Each structure stands twice: as structure tokens, then as C-alpha cells.
Amino acid sequence: VIFFLVQRTDAGVFSPAWTIDPEYSKALAQCVDAGVEIITRDVDITLDRICIANPVDVDLFQNRTH
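Please read all numbers here as calculations on a predicted model, not as lab measurements.

Q: Go over the pairing of strand S3 (residues 38–45), please, and point to the residues and values.
A: The sheet contact formed by strand S1 (residues 2–5) and S3 spans 4 bridges and is parallel. Bridge assignment links Ile2 to a residue of S3, and that residue is Ile38. Relative to strand S4 (residues 50–55), S3 runs antiparallel, the two being bridged by 4 bridges. Paired with Arg41 across the bridge in S4 is Pro55.

Q: Got a sec to walk through the pairing of S4? Specific residues and values, please.
A: When you tally the buried positions in S4, you get 0 out of 6 residues, a small fraction of the element. Taking the residues that link successive antiparallel strands as the turn, the S3-S4 hairpin has 4 residues.

Q: Could you give an account of the sheet that holds S3, naming the residues involved and the relevant values?
A: Reading across the sheet, the 3 strands line up as S1-S3-S4 and stay open at both edges, with mixed pairing between neighbours. The sheet is open, and its two edges are formed by S1 and S4, each paired on a single side. Direction aside, the axes of adjacent strands within the sheet are offset by 35 degrees on average.

Q: Lay out helix H1 (residues 22–33) in plain terms, naming residues and giving numbers.
A: When the terminal C-alpha atoms of H1 are compared, their 16 Å separation across 12 residues agrees well with the 16 Å that a helix rising 1.5 Å per residue should span. Its buried side turned inward, H1 meets S1, strand S2 (13–14) and S3. In the segment just after H1, Gly35 is the residue with positive phi, at about 110 degrees.

Calculation notes
Residues numbered from 1 in each chain as written. Predicted model: local features only at pLDDT ≥ 70, side-chain atom pairs only at ≥ 80, totals over all residues. Heavy atoms only, no water. Pairing = 2+ DSSP bridges. Helix = DSSP H or I, 4+ residues; strand = E, 2+ residues; numbered from the N terminus. Buried < 20%, exposed > 50% of the residue type's maximum accessible area, 1.4 Å probe, protein only. Axes fitted to C-alpha atoms, helices over the stretch in contact; angles between N-to-C directions. Expected span 1.5 Å × (residues − 1). Contact = heavy atoms within 4.5 Å.

This is the structure we're talking about:
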């Protein structure tokens, strides 16, 4: 399992940054193909705290350029 905390309240989907780090993005996709589960959550932010909140959809290839 790999966990990604999306530190935004307006994220609709998690996707690796293919244009910024294609090697990491490719490796992440290979890990998923090998059976690694991705868990993602966004946050609930107030002036007093930041808490793990809702699941965020995962699309490994949304930002892929090639």
C-alpha cells in the first residue's frame, strides 16, 4: 500500500505528475500493475487543525503526455 495525502480541499482526482517526473510516474504505474494499492485522502482544514478527510479518486494516466 502507498498512501498519498492530498493537501488541498478542492482536489477531484490524484494523478502523478507525468510532465514533471515521468520516471516516478512510470514506476508508480508499474507498482500498481504489480499489486500495490494506492490510498488517497484529502484534508479538512480549519484555523486550528488539519485532519485527514475524504478519499480522492486515482487516475494514473490523467496527466500523461506520451
